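# Structural features, examined
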Amino acid sequence: MTSRNWVHLFLTTLAVGSVTTAVVGFIVRWSEFQQLLSDFNILEFLSILVWLMGVGLIFSILSQMGFFAYLTVHRFGLGIFKSLWNPVQVLLIAFVLFDLVYLRFATFAESGESILSYLGLAVIVLAAGLIVAFMKVKQTNKEAFIPALFFMVVVTVIEWVPVLRVNEHSWLYLMLFPLLVCNAYQLLVLHKLNQKSLQERKVLEEKAKTKAKPNKKAQKKPSNA
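As the structure is a prediction and not an experimental result, all values here were calculated from the model. (Residues numbered from 1 in each chain as written. Predicted model: local features only at pLDDT ≥ 70, side-chain atom pairs only at ≥ 80, totals over all residues. Heavy atoms only, no water.)

## Remarks on the environment of Val163
Relative to the helices and strands, Val163 is located in helix H6 (residues 145-166). For the pair Val163 and Phe150, spaced 13 residues apart in the sequence, the C-alpha separation amounts to 20 Å. Residue contacts for Val163: discarding those within four places in its chain leaves Glu168, Trp171, Leu172 and Met175. (Helix = DSSP H or I, 4+ residues; strand = E, 2+ residues; numbered from the N terminus. Contact = heavy atoms within 4.5 Å.)

Structure follows, in structure tokens:
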């Protein structure tokens, strides 16, 4: 990927994370926003909105760190496990989903919540992962399904760990959906940017060849002396 396209991915992912967090925060904290709007407290409303967008930038950076870390891990996995890498990823997906439900339920069992609430979050993550994985397959090839699902499930949960430890409901959703959206965006746009980068490199190479030809002709031209 060229540096220009990498900067484009970085900035657009920041924007996606910021806007998504603002929207999710608006929904999660609707009672607070509703009160501010009814009191015509526009300044405080805007300050909270700006704060949410700032938090979204942090979520976006965390998502991008996880994305590039996964690209590295994926290469190592292919090199170490070779054809077994896909089954290994499937096992890790199952393990992470099990831990997301059982370990959290065991840790916070004293809160009196039903296991269904913990199961619901795992279903949301898995459903989002399956949808994005099917979209990735349509855009590229069927071999992309398991890696895409692994990234959307395993990497998202790892990025989500700081809030999972606290288990505060509003923050759980406030962080989860921006991470899912940012991860999905990066995954679905990556191959397009790679193709664009290849085309740009070809254009640059052709321009370099065209510039080199006149120089070679000038060198071969005999002297009039």
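Additional details are given in the paragraphs that follow.
## Observations concerning the nonpolar core
Of all hydrophobic cores here, the largest spans 45 residues; its most connected members are Ile93, Leu100, Val125, Phe151, Met152, Trp160 and Leu187. Breaking this core down by element, the ones donating at least two residues are helix H2 (30-38), helix H3 (42-81), helix H4 (85-107), helix H5 (115-139), H6 and helix H7 (169-220). At twelve residues, H6 tops the list of elements feeding residues into this core. If we ignore the near neighbours within four places in the chain, the residues touching Ile93 are Ile146, Leu149, Phe150, Val153 and Val154. (Core = buried A, V, L, I, M, F, W, Y, C linked by side-chain atoms within 4.5 Å. Buried < 20%, exposed > 50% of the residue type's maximum accessible area, 1.4 Å probe, protein only.)

## Digging into the layout of surface pockets
By rolling a water-sized probe across the atoms, one finds the places where empty space is left. When its volume is computed, the largest pocket comes out at roughly 470 Å³. In terms of lining, the largest pocket is formed by 17 residues, of which the most central are Leu71, His74, Arg75, Lys136 and Leu190. When residues of the lining of the largest pocket are traced back to their parent elements, those giving at least two are H3, H6 and H7. Top element by residues in the lining of the largest pocket is H3. It accounts for six residues. Within the lining of the largest pocket, the residues separate by chemical class into nine nonpolar, five polar and three charged. Considering only enclosed or pocket space, the second largest pocket measures out at about 240 Å³ in volume. The wall of the second largest pocket is formed by Phe95, Val96, Asp99, Leu100, Leu103, Arg104, Thr107, Phe108, Val157, Val161, Leu164 and Arg165. Where the lining of the second largest pocket is concerned, the elements lending two or more residues are H4 and H6. With seven residues, H4 is the largest single contributor of residues to the lining of the second largest pocket. Broken down by class, the residue content of the lining of the second largest pocket amounts to eight nonpolar, one polar and three charged. (1 Å grid on protein atoms, 1.4 Å probe; cavity = no way out; pocket = protein on both sides within 12 Å on 5 of 7 lines; lining within 4 Å. Points joined across faces, edges and corners; volume = space filled by probe spheres on them. Nonpolar A, V, L, I, M, F, W, Y, C, P; charged D, E, K, R; others polar.)

## Description of the packing of aromatic side chains
Taken as a whole, this structure holds 13 aromatic pairs when the rule is applied. When the centroid spacing of 5.4 Å and the interplanar angle of 15° are considered together, the rings of Phe98 and Tyr102 count as stacked. Placement of the pair is Phe98 and Tyr102 together in helix H4, with a separation of four residues, close to one helical turn. Judged by its relative accessible area of 45%, Tyr102 is partly exposed. Three or more aromatic residues joined by ring pairs form one cluster here, namely Trp6, Phe10, Phe67, Phe68, Tyr70, Phe81, Trp85, Phe150 and Phe151. (Phe/Tyr/Trp six-rings, centres within 6.5 Å; stacked < 30°, edge-to-face > 60°.)

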